[in-house]
Amino acid sequence: MTFRQARWDEPLLWELAPPPPEPPAPDAIPGIPDRLRRKQGVAWPELSELEVVRHYTRLSQMNFGIDTSAYPLGSCTMKYNPKVSERLARRPGAAELHPYQPVSTVQGALEIIWRLERALGRLTGLAEASLQPAAGAHGEFAALLMARAFFRDRGELEQRTEVLLPDTAHGTNPASAMMAGFTTREIASKEGCVDLAALRAAVSDRTAVFMLTNPNTAGLFESEIQEIAGTVHDAGGVLYYDGANLNAILGVTGPGRMGFDIAHLNLHKTFATPHGGGGPGAGVLAANERLAPYLPVPRVVKQGRKFVLDYDRPKSIGKIKTGYGNFGLDLRAYAFLLYHGEDGLRHVSRRAVLNANYLARRLGKFLPRPFRELVKHEFLLSGAPLKAKGVRTLDLAKRLLDEGVHAPTVYFPSLVDEALMIEFPETESRRELDAFAAAFERAVTDTPENLHAAPRNLAIGRLDEVRAAKELRLSWRDLRSAAGKVEAPAPVPSAG
Amino acid sequence: MGRPARRPLGAAVPRWIPGDAAEEQALLAELGLRQFDDLFADIPRKVRLGRLGLGPGRDELDVVRAVDKILDRNRPMGRFASFLGGRVAHRFQPAAVDAIVSRSEFYTSYTPYQPEASQGMLQTLFEFQSLWVELTGLDAANASLYDGATAAGEALLLAHRIHPGHRFLVPASLPWEEKSVLANYAAGLPIRIEEIPYDERTGRLDLEFVRSAVAEQNVFGLLADVPNGFGHLDEGLWDVKEILGKVPLVVVADPLALTVLDPPGNWGADVVVAEGQGFGSSPSFGGPLLGLFACRREHLRLSPGRIVGATADAAGRTGFTLTLQTREQHIRRSRATSNICTNQSLLALAFVVYASVVGPSGLAALQTRLSERARTLAAALGSIDGLAAPRFEAPYLGEFAVEVRGAEATTFLDRLRRRRVLGGHPLADPRPGATGLPASLYLTAATEFTDEKEIQRYAKAARASVGPHRGASS
């Protein structure tokens, strides 16, 4: 318990140099009618570079990152983001490329995309990959649009309106299905895995897609995957792979090999690109021969020794974002692949799975583990026994923060009461695992009073999230009007 | 069980995976296992992969060399006089921005699900939201979406939730990529996207078309962009809300333009979205980008994306947290307002740092300088036979559309490229058989990197590149 987060009394930017109540209008621009012009300048502070740098440096010191703390969020794969990738992504040959440059001037960028798409095709065991989606959920959405187009071509779209998913599915799965115009139906799990009998009973000629994560969010490998694939395919459906948990199976198995038709991967999980405080990520779509014609355009293809952008894909769903994907992240992922090589990638998963099973064994002494013993890259604990002493999983999570480690994912999946979902990727050492186990023991055995009072060692105490949703103060303007002062920014009570 | 082999170049190999074989063996032993394969006993043999042909690992030096060798085949914009623009901006980024974005407490953190551990990013996002509110004149902003085009897609979905109807109007001049993204975001809805024709002389929206469409009472939204796809400001937009009445107006705006233009919230916009990469982030071949999204407070609960709100801890100290999460996929699942999970927080940080380092008066001054430069550019290109530059008669800021008379813009731009000028990008949809804007149009932009000298070089190259060309085509 020696951890103390920095606690700066850092005000909002506007308090550093409050803008005048009516900032002067910018100078007129020749040719722009007066009517279109701003009557007042933007109400934003005029600050020196040092003031801005100090402000954000202080804020950064009140933020956990992988570089400061173990970050065992289940299903988020918070692994080390290698520094060399950061350097490479900032090269002018990568950063200073415009997406609309003539292809003859961006041959290297197209080659990176081409090579990465091919490598990911092999890793997934699927025919073609596209790097266009901006994130995992974006990839899911695009994949479901591809399924729509596929069924439309077969004249089955009107009939196949239903997306099936297990009750352990990530929330993005049903949300993506809804956005793509499907209805959703959850399949109950049995012992943490898909209940094959329930799936067999649920599939029909209305089934469009079955969305599945394997290993699933309970950290369990769906060993009946061949039977699942057969069931979905016999019903005429498409089997979709949510690649959030790919870190467990690199080089061991892949979605194509398991019978999936289409998959998304998260480069910001398995392939070590940084999460950036919530983004950017990079999603990848991979599809078998049946669905590949529907991938977004353009496709990067090699003609002789040249790389070109191919827009001539009549079945393609078109574009799902500007440009060709998050190239800056593709480049980082490519460096990750090169560093590890095939055997190294296999070792990534071995070590990730080893870490999860070792830590599960240790933490299973403190809280019950639902389902079977052997897990893949992550595992679940149930905080339910703590309820007897008036302690919730949330209290435990906040108490862990006081130890200088990030909390696990909590209250997901919902089929486990008071769930904690823990993932320690391959980049965490035994020393970190043991330190986390010790911190966990201190936290879980602490007094209810202390657990309720946590966190105490951070920049701020436990925040009232209900109040945030009730008052909805979402900007400096809101704070100002809430304080009833219109003429100047209200002083915000700051940490301290 | 050896650790994986790598190409024996002999340079230093930092350990991205800790420990050694002995540590791993000890961990396995604690589990009562003998070998790694025991950890995968639950994966049926039939679905195992064989060798994939991905090659051996490399040391760090070898990775750098291999990647640099490929990147050397790129010719970044700095090697040309570049006038590329559109939604992705080529802008000078003060070093302070990358210095802050490179703080690994920021860039290696996750979505701030535990707000107490992530006050730095949350306060930053609160400041980002506040800035977008100031720029747009709307009540509330979210903490970012993927890019400008997907933000427009989410805006379409929001419009459909707040107003009945099955027709959504967009300008025919909208960039083809955005039209395609919008069509995909709309694919799950029983609706139709219709294009509003533009005036051949001014490029302005045909407001009579809008008026008669709205009169049929089945339009649920109209999207328009400022500047428009031709780079121009359409004065008619300032009146369009009068025609629309309660029909939602979605405005796609350029953030830099909003530092000098009347905020869309003042003239009736219900949603304002934008591409924000130009504030603090490099073009990076079109990704990552930054989607900005603001709307009216009354529509907030139907809106997409993460939102940061102010609150307090038990001691009454102000802090920040994600809020209105009951709209989101991880809580609401199939009834969420969007599927978005990962967004673009780090670029939101870059956005607010850039705006703060340059400052509001500096931003307006930058837009003014770019406008002056664009006028110089227009004068230089406008005198060339075979070009109509600007193609349309309407006000513009930093960019405008050019018509290559009687020829394809791609051919002309390729000739410019051979003279080390990147003149802009074609506006036509490149998909075979696509309808859309004429192949003769392209968009050209003034930037901080192109002064008088580059402009004259561009004009000279353009003069030599117009008209029939009998030279070799490569």
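What you see is a predicted model, and the numbers here were worked out from it, not measured in a lab.

Conventions used here
- Residues numbered from 1 in each chain as written.
- Chains lettered and ligands numbered in written order.
- Predicted model: local features only at pLDDT ≥ 70, side-chain atom pairs only at ≥ 80, totals over all residues.
- Helix = DSSP H or I, 4+ residues; strand = E, 2+ residues; numbered from the N terminus.
- Buried ≥ 20, exposed ≤ 12 C-beta atoms within 10 Å, placed from the backbone.
- Contact = placed C-beta atoms within 7 Å.
- Rg over C-alpha atoms; globule rule 2.2 N^0.38 Å.
- Pairing = 2+ DSSP bridges.
- Axes fitted to C-alpha atoms, helices over the stretch in contact; angles between N-to-C directions.
- Nonpolar A, V, L, I, M, F, W, Y, C, P; charged D, E, K, R; others polar.
- Domains from an automatic or database assignment.
- Arc of directions from axis to C-beta.
- Parallel < 35°, antiparallel > 145°, perpendicular 65-115°, else oblique.
- Left-handed = near helix turned anticlockwise from the far one by under 90°.
- Core = buried A, V, L, I, M, F, W, Y, C linked by C-beta atoms within 7 Å.
- pLDDT = per-residue confidence, 0-100.

## Points about the overall build of chain B
Then step 1. Summing up its helical and strand segments, chain B has 14 helices and 15 strands in all.
Then step 2. Reported as C-alpha extents along the three principal axes, the dimensions of chain B are approximately 80 × 60 × 50 Å.
Then step 3. Expressed as a percentage of its 474 residues, the buried residues of chain B come to 58%.
Then step 4. If you take every contact in chain B between residues at least 6 apart in sequence, the share linking residues at least 24 apart comes to 72%.

## Observations regarding the overall build of chain A
Then step 1. Helix and strand content of chain A: 16 helices and 14 strands.
Then step 2. At 25 Å, chain A has a C-alpha radius of gyration in line with the 23 Å of a compact globule built from 496 residues.
Then step 3. Along the first, second and third principal axes, the C-alpha atoms of chain A reach 70 × 65 × 45 Å.
Then step 4. Scored against the burial criterion, the 496 residues of chain A give a buried share of 61%.

## Regarding the sheet that holds strand β14 (residues 419-423) of chain A
Residue and element names in this part refer to chain A.
Then step 1. If you trace the three strands from one edge of the open sheet to the other, you get β12-β14-β13, paired in antiparallel fashion. A single partner strand is all that each edge strand has here, and the edge strands are β12 (378-382) and β13 (409-410).
Then step 2. Across the sheet, helix α11 (residues 327-363) touches β12 and β14, and the angle it forms with β12 is around 15°.

## Observations concerning the interface of chain A and chain B
Then step 1. Contacts between the two partners involve 175 residues from chain A, matched on the other side by 163 residues from chain B.
Then step 2. Top element by residues in the side of chain A that touches chain B is α11(A). It accounts for 22 residues.
Then step 3. Split by residue class, the side of chain A that touches chain B holds 91 nonpolar, 52 polar and 32 charged.

## Overview of the domain arrangement of chain A
Residues and elements named next belong to chain A.
Then step 1. The domain boundaries assigned to chain A delineate domain 1 (84-339) and domain 2 (344-453).
Then step 2. With centres defined by C-alpha atoms, the gap from domain 1 to domain 2 works out at 29 Å.
Then step 3. Of the residues assigned to the side of domain 1 that touches domain 2, the class counts are nine nonpolar, eight polar and two charged.

## Topic: the domain arrangement of chain B
The figure often quoted for interface size is the accessible area lost as the parts come together.
Then step 1. Once the domains are mapped, chain B shows domain 1 (21-49 + 57-66), domain 2 (78-90 + 359-465) and domain 3 (95-357).
Then step 2. Its C-alpha centre places domain 1 of chain B at a distance of 54 Å from the equivalent point of domain 2 of chain B.

## A closer look at the sheet that holds strand β3 (residues 183-187) of chain A
Residues and elements named next belong to chain A.
Then step 1. Taken in spatial order, the seven strands of this open sheet run β1-β9-β8-β7-β6-β2-β3, and their pairing is mixed. Of all strands in the sheet, those with a lone pairing partner are β1 (128-130) and β3, marking the two edges. Pairwise comparison of adjacent strand axes, ignoring direction, gives a mean angle of 20° for this sheet.
Then step 2. Pairing of strand β8 (residues 262-266) with strand β9 (residues 283-287), which is carried by five bridges, proceeds in the antiparallel orientation. What sits directly across from Asn266, in β9, is Gly283.
Then step 3. Lying over the sheet, helix α5 (residues 107-124) contacts β1, β8 and β9, oriented at roughly 125° with respect to β1.

## Points about helix α1 (residues 21-30) of chain B
Then step 1. For α1(B), the full list of buried residues reads Glu24(B), Leu27(B) and Leu28(B). The arc enclosing the buried residues of α1(B), seen along the axis, measures out at 100°, which places them on a common side. Exposed and oriented more than 90 degrees from the buried face of α1(B) are Ala22(B) and Ala29(B).
Then step 2. Of the surrounding secondary structure, the elements contacted by the buried residues of α1(B) are α11 and α13 (430-444) of chain A.

## Quick word on the packing of helix α12 (residues 360-382) of chain B against helix α14 (residues 452-465) of chain B
Residues and elements named next belong to chain B.
Then step 1. Remark: α12 packs on α14, axes separated minimally by 9 Å, with the N-to-C direction vectors making an angle of 25°. With respect to α14, the element α12 is oriented roughly parallel. Considering only the axes of α12 and α14, their crossing is right-handed. Residues Thr376, Leu377, Ala380 and Leu381 of α12 form the contact with α14, whose own contacting residues are Glu452, Ile455, Gln456, Ala459 and Ala462.
Then step 2. Grouping the amino acids of the contact of α12 with α14 by side-chain chemistry returns six nonpolar, two polar and one charged.

## Here we look at the pairing of strand β15 (residues 441-445) of chain B
In summary, the side chains of a regular strand alternate between the two faces of the sheet.
All names here are of chain B.
Then step 1. Among the five residues of β15, five are classified as buried, and the element is accordingly described as predominantly covered.
Then step 2. As defined by bridge partners, strand β12 (residues 399-404) adjoins β15 across five bridges and the pair is classed as antiparallel. By the bridge assignment, Ala401 is partnered in β15 with Leu443.
Then step 3. Pairing geometry for strand β14 (residues 425-426) and β15, over two bridges, is antiparallel. From the neighbouring strand, Pro426 faces β15, where its bridge partner is Tyr442.

## Observations regarding the packing of α11(A) against α13(A)
Residues and elements named next belong to chain A.
Then step 1. Two numbers describe how α11 lies on α13: the axes approach to 10 Å, and their chain directions differ by 25°. By the angle between their axes, α11 is roughly parallel relative to α13. Regarding α11 and α13, the two cross each other, and that crossing is right-handed. Taking contact as the criterion, the partners of Asn355, Tyr358, Leu359, Arg362 and Leu363 in α11 are, on α13, Leu433, Phe436, Ala437 and Phe440.
Then step 2. Here the residues of the contact of α11 with α13 sort into seven nonpolar, one polar and one charged.

## Side note on the environment of Leu182(B)
All names here are of chain B.
Then step 1. The residue Leu182 is located in helix α7 (residues 176-185) in this model.
Then step 2. The sequence separation of Leu182 and Ala155 amounts to 27 residues, and the corresponding C-alpha distance is 9.4 Å.
Then step 3. If sequence neighbours within four positions are ignored, Leu182 has contacts with Ala152, Gly153, Leu156, Val170 and Ile193.

## Quick notes on the nonpolar core
Then step 1. The biggest cluster of nonpolar side chains holds 310 residues, and the ones touching the most others in it are Met146(A), Tyr240(A), Ala152(B), Leu222(B) and Val273(B).
Then step 2. Here the element with the most residues in this core is α11(A); it accounts for 20 residues.
Then step 3. Those residues in contact with Val273(B) that lie beyond four places of it in its chain are Gly148(B), Ala151(B), Ala152(B), Ala155(B), Val250(B), Val252(B), Gly291(B), Leu292(B) and Phe293(B).

## Some points on the confidence of the model for chain B
Detailed reading of the predicted coordinates is not advisable wherever pLDDT falls low.
Residue and element names in this part refer to chain B.
Then step 1. With 98% of its residues at a pLDDT of 70 or more, chain B shows a mean pLDDT of 95.
Then step 2. Contacts of residues 470-474 to residues separated by more than four positions or lying in other chains number zero contacts, the stretch itself having pLDDT below 50.
Then step 3. Interface confidence for the predicted complex, expressed as ipTM, amounts to 0.96; the pTM equals 0.97.

## Some thoughts on the pairing of strand β10 (residues 299-303) of chain A
Residue and element names in this part refer to chain A.
Then step 1. Relative to strand β11 (residues 306-310), β10 is paired through five bridges, and the arrangement is antiparallel. Directly across from Arg299, in β11, lies its bridge partner Asp310.
Then step 2. Joining the antiparallel neighbours β10 and β11 is a turn of two residues, in which Gly304 adopts a positive phi near 65°.

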